[in-house]
Amino acid sequence: MKRMGLIAGFCLLMGFSGVQVNAQTEGQEYILNTESAADKQERMAWWKEARFGMFVHWGLYSSAEGEWGDKTFTRAAEWIQRNANVSADVYQETMLPKFKPAPDFASKWASLAKQAGAKYVVFTNKHHEGFALHDSTQTEYDAKDVTGRDLHKEVVEALRAEGLRVGVYHSLWDWHHPDAPAGKGAMNVSGLTMEGRDLSRYTNYLHAQVNEITDGRYGDVDVLWLDYSKGPYQGEVWRAKQLVELIRNNQPQILINNRLWQNTKEQREDSGKYWFGDFSTPEQHIPATGIEGIDWETCDTLNITWGWSKHAVEFKTSTELIHRLIDAVSKGGNYLLNIGPLPDGSIDPKTVERFSDIGEWMQINGDAIYGTQAGPFSRLPWGRATAKEIGDGGHRLYLHVFDWPANGELLVPGLQTIPTHGSVMGGKAAETLRMSKARGGVVLEGLPTQPVHDAATVIAIDFDQVPSVAPYRVHAATDGSFDLEPADATVKDAIYHDHEMHRRSCIDSWKANAEAQFPLQVEKSQSYAVQIEVAADKIKDNATFALSAGEAQRSFEVKSTGGGEVWKTLDAGSIELPSGPITLTLRCATIDEASILKLATITLKPVASTP
Ligand code: H79
């Protein structure tokens, strides 16, 4: 409901916001937390305990279902207004009549989250299309004006009724507001410009709407998830400092994500800080080794769209999703998994199935997720590990075994301390594990031959001290093969890139004599077939590499794959590896300067020896 002029309304509300910028922030204008590290930890405590949340993308875009005229969208269906290039007027006229929320949709969201074991829910109050679910005094483009219902209130009340924490997503872009960013550098419908637009009127509107959703009329807000900044549109262009003050004044305990800024590498280096918010937000990827010293949350999709599209039919399997949850938590992050409800707010059967499967796994293994921290291993060949303090200086590791060993025996590579106790979560109480130091780690014996759960079975092992772990070496997986990841390498004269959204983690910018060295622990000297994932382009003459370990050496050539993002698996022949702790060196022998060449996972598979 629109009640008063934009500017009058805004001045009025700003009158309530008396917090001054702390002197500490002067000269460091992007560092917005002036509290002590301990106070920040306290504010973040529930969120770090929670580890698993549910994201919900639902708005007018949901009713387009990934179709506009004859165009179809399987990716980012919530972007349909911009990607189908529809003017705000036509979009509004087309979409508003389709928006017919079911009476009880919100309680269905809440019970799905609860059943899956999520502890918080972040839902789109307003996505880039500009349509708000709350009753806004700033516009008539909101749910109350269109449906007569305050849908924001319905969602918040449903979440609270299930004991879930409440997170609100609010877009910084707005494809409906006549003064919002448009044209060069802005993410908006194409063909628009800033001519006749007054950005300050839009930032007033943005601040006023953020005030409405945080000022207490909808109770406490646990997380504010702002999205997103890019290039010229970030930081003070949104009047970020003032906005953060307004929010913190309204909700002192709130957590705010980092997207009022783009957080480029340069910005992080300039400010001496890695982030400009309470937590960092990798999107649709899990950093290979976590993000050191920072709280972070990977937000992820079930398929490749956030908003519902009937064309996005390829879903990750429940096992993949459980692995991704464990992966994020094992690296110290949270996992925020999205649902894109149907036009009326109800949830499609595939999504229900995925969340029920996760819930079933969490019923058995929740203790290995909630309140845990990153495990002490860089990488494990059969799964992941999380860690927890258990009082009196005691320590517990949860070993999340993805590939269950059929022989009842599991090597925990690099572990130097023998556990005092071990048990399989959800297993029979009578099982006793034998645990001893062997093969460069601790070997667990007497495991059941069948896993408790196909996706991951967890073994909890306890210590009366912090367990010690040897420097990292890549060990063979259950089937005897090695997977060498880019993050495992020490790289010289080439560049390691962690993965980003839709981009593989890789080593690129190879020069002649550049090297990547992998520390391996080989139990059995034998011949291994080598396969390397490569993306290469513009290779004129030849790009040659040599793999070596001790005396053994193997050369191979790389040819163009048809593009710098076109990944192919290259057969690089076989190599005889000696046993013991060894270094496998990948060296670039020759390469053209103009070549684009990226290497990702190297797989070594034992070659069956001929009798
Ligand atoms: O709300 C979800 C997304 O809509 C939003 N953030 C999550 C949480 C977001 N997705 N992508 N981005 C922000 C970055 C922009 C990506 C783009 Fe594109 C690539 C814009 C245009 C090309 C993806 C593909 C979106 C439209 C097409």
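Each value, and the rule that gives it
- Residues numbered from 1 in each chain as written.
- Predicted model: local features only at pLDDT ≥ 70, side-chain atom pairs only at ≥ 80, totals over all residues.
- Heavy atoms only, no water.
- Salt bridge = Lys/Arg side-chain N within 4 Å of Asp/Glu carboxyl O.
- Pairing = 2+ DSSP bridges.
- Helix = DSSP H or I, 4+ residues; strand = E, 2+ residues; numbered from the N terminus.
- Axes fitted to C-alpha atoms, helices over the stretch in contact; angles between N-to-C directions.
- Buried < 20%, exposed > 50% of the residue type's maximum accessible area, 1.4 Å probe, protein only.
- Contact = heavy atoms within 4.5 Å.
- Polar contact = N/O pair within 3.5 Å; in protein donor to acceptor, adjacent residues only side chain to side chain.
- Expected span 1.5 Å × (residues − 1).
- Core = buried A, V, L, I, M, F, W, Y, C linked by side-chain atoms within 4.5 Å.
- Domains from an automatic or database assignment.
- Near = heavy atom within 4 Å.
- Nonpolar A, V, L, I, M, F, W, Y, C, P; charged D, E, K, R; others polar.
- pLDDT = per-residue confidence, 0-100.
- Buried area = accessible area lost by both parts, 1.4 Å probe.

Right, let's get into the pattern of salt bridges. On inspection of all chains with the given rule, the structure shows 28 salt bridges. Two residues, Lys 559 and Glu 557, come together in a salt bridge whose shortest N-O distance is 4.0 Å. Three or more residues joined by partner-sharing salt bridges are found here, namely Glu 35, Arg 43, Arg 248 and Asp 278.

Once that is clear, we can look at the sheet that holds strand S22 (residues 515–522). Across the sheet, which stays open at both edges, the five strands sit in the order S19-S22-S27-S24-S25 with antiparallel pairing between neighbours. Looking at the sheet topology across the chains shown, the edges are occupied by strand S19 (490–492) and strand S25 (552–558). For this sheet, the mean inter-axis angle between neighbouring strands, taken without regard to orientation, is 20 degrees. Two strands pair when backbone bridges link them, and strand S24 (residues 543–549) and strand S27 (residues 580–590) are joined in this way by five bridges, in the antiparallel orientation. Opposite Ala 546, over in S27, you have Arg 587 as the bridge partner.

Here we take up the side chain of Asn 334. Note on placement: Asn 334 falls in strand S9 (residues 334–339). Its relative accessible area of 0% is what places Asn 334 among the buried residues. If we ignore the near neighbours within four places in the chain, the residues touching Asn 334 are Trp 47, Arg 51, Tyr 120, Trp 296, Glu 297, Thr 298 and Ala 328.

What follows covers the side chain of Thr 124. In this fold, Thr 124 is placed in strand S4 (residues 120–126). The buried category is assigned to Thr 124, whose relative accessible area is 4%. At 3.0 Å, the side chain of Thr 124 forms a polar contact with the backbone nitrogen of Trp 58.

Turning our eyes to something else, we now look at helix H11 (residues 318–330). Here H11 spans 18 Å end to end across 13 residues, near enough to the 18 Å set by a 1.5 Å rise per residue. Of the positions making up H11, those classed as buried are Ser 318, Leu 321, Ile 322, Leu 325, Ile 326, Asp 327, Ala 328, Val 329 and Ser 330. Next to the buried residues of H11 lie strand S1 (52–56), S9, helix H12 (349–365), strand S10 (373–374), strand S11 (383–389) and strand S12 (395–401). Positioned one or two residues after H11, Gly 332 has a phi angle of 90 degrees, which is positive.

Hydrogen bonds along the backbone pair up the strands of a sheet, which may run parallel or antiparallel. With respect to topology, seven strands assemble into an open sheet ordered S7-S6-S5-S4-S1-S9-S8, the strand pairing being parallel. If you trace the sheet from one side to the other, it starts and ends with strand S7 (255–256) and strand S8 (297–300), each paired once. Across four bridges, the pairing between S1 and S4 is parallel. Across the sheet, Phe 55 pairs through a bridge with Val 122, a residue of S4.

Turning our attention to the nonpolar core. In this structure, Phe 52, Met 54, Tyr 91, Trp 109, Phe 123 and Leu 260 are the most contacted members of the largest nonpolar core, which totals 97 residues. With seven residues, the top contributor of residues to this core is helix H5 (residues 105–116). When residues of this core are assigned to domains, at least three fall in each of domain 1 (10–368) and domain 2 (375–472). The residues touching Leu 260, leaving out its near neighbours within four places in the chain, are Leu 172, Leu 226, Ser 229, Gln 234, Gly 235, Trp 238, Ala 240, Leu 243 and Val 244. Judged by nonpolar contacts, the second largest core, of 38 residues, contains Phe 545, Ile 575, Ile 591 and Ile 602.

Moving on, we come to the site of the ligand. Neighbouring the ligand are 15 residues, the closest being His 57, Glu 78, Trp 79, His 127 and Asp 227. One of the side-chain nitrogen or oxygen atoms of His 57 is found 2.7 Å away from an oxygen atom of the ligand. Its residues assigned to classes, the shell around the ligand shows six nonpolar, three polar and six charged.

Moving on to the confidence of the model for the protein chain. Across the protein chain, the average pLDDT comes to 92, with 93% of residues at or above 70. This model gives residues 4–31 a pLDDT under 50, and the stretch forms 35 contacts once residues within four places in sequence are excluded.

This next bit is on the domain arrangement of the protein chain. By domain assignment, the protein chain separates into domain 1 (10–368), domain 2 (375–472) and domain 3 (482–606). Each of domain 1 and domain 2 has a C-alpha centre, and the two are 37 Å apart. Buried area between domain 1 and domain 2, summed over both chains or domains, comes out near 1300 Å², and the portion from carbon and sulfur atoms is 64%. Of all residues in domain 1, Ser 330, Ile 364 and Ala 368 give up the largest surface area on contact with domain 2, accounting jointly for 34% of the area buried on that side. For the pair domain 1 and domain 2, the number of links is one salt bridge. One salt bridge in this structure joins Arg 384 and Asp 327, with 2.7 Å as the shortest N-O distance. Our count for the contact surface shared by domain 1 and domain 2 stands at eight residue pairs in polar contact (both at pLDDT 80 or more). The greatest single-element share of the side of domain 1 that touches domain 2, amounting to seven residues, is contributed by H11.

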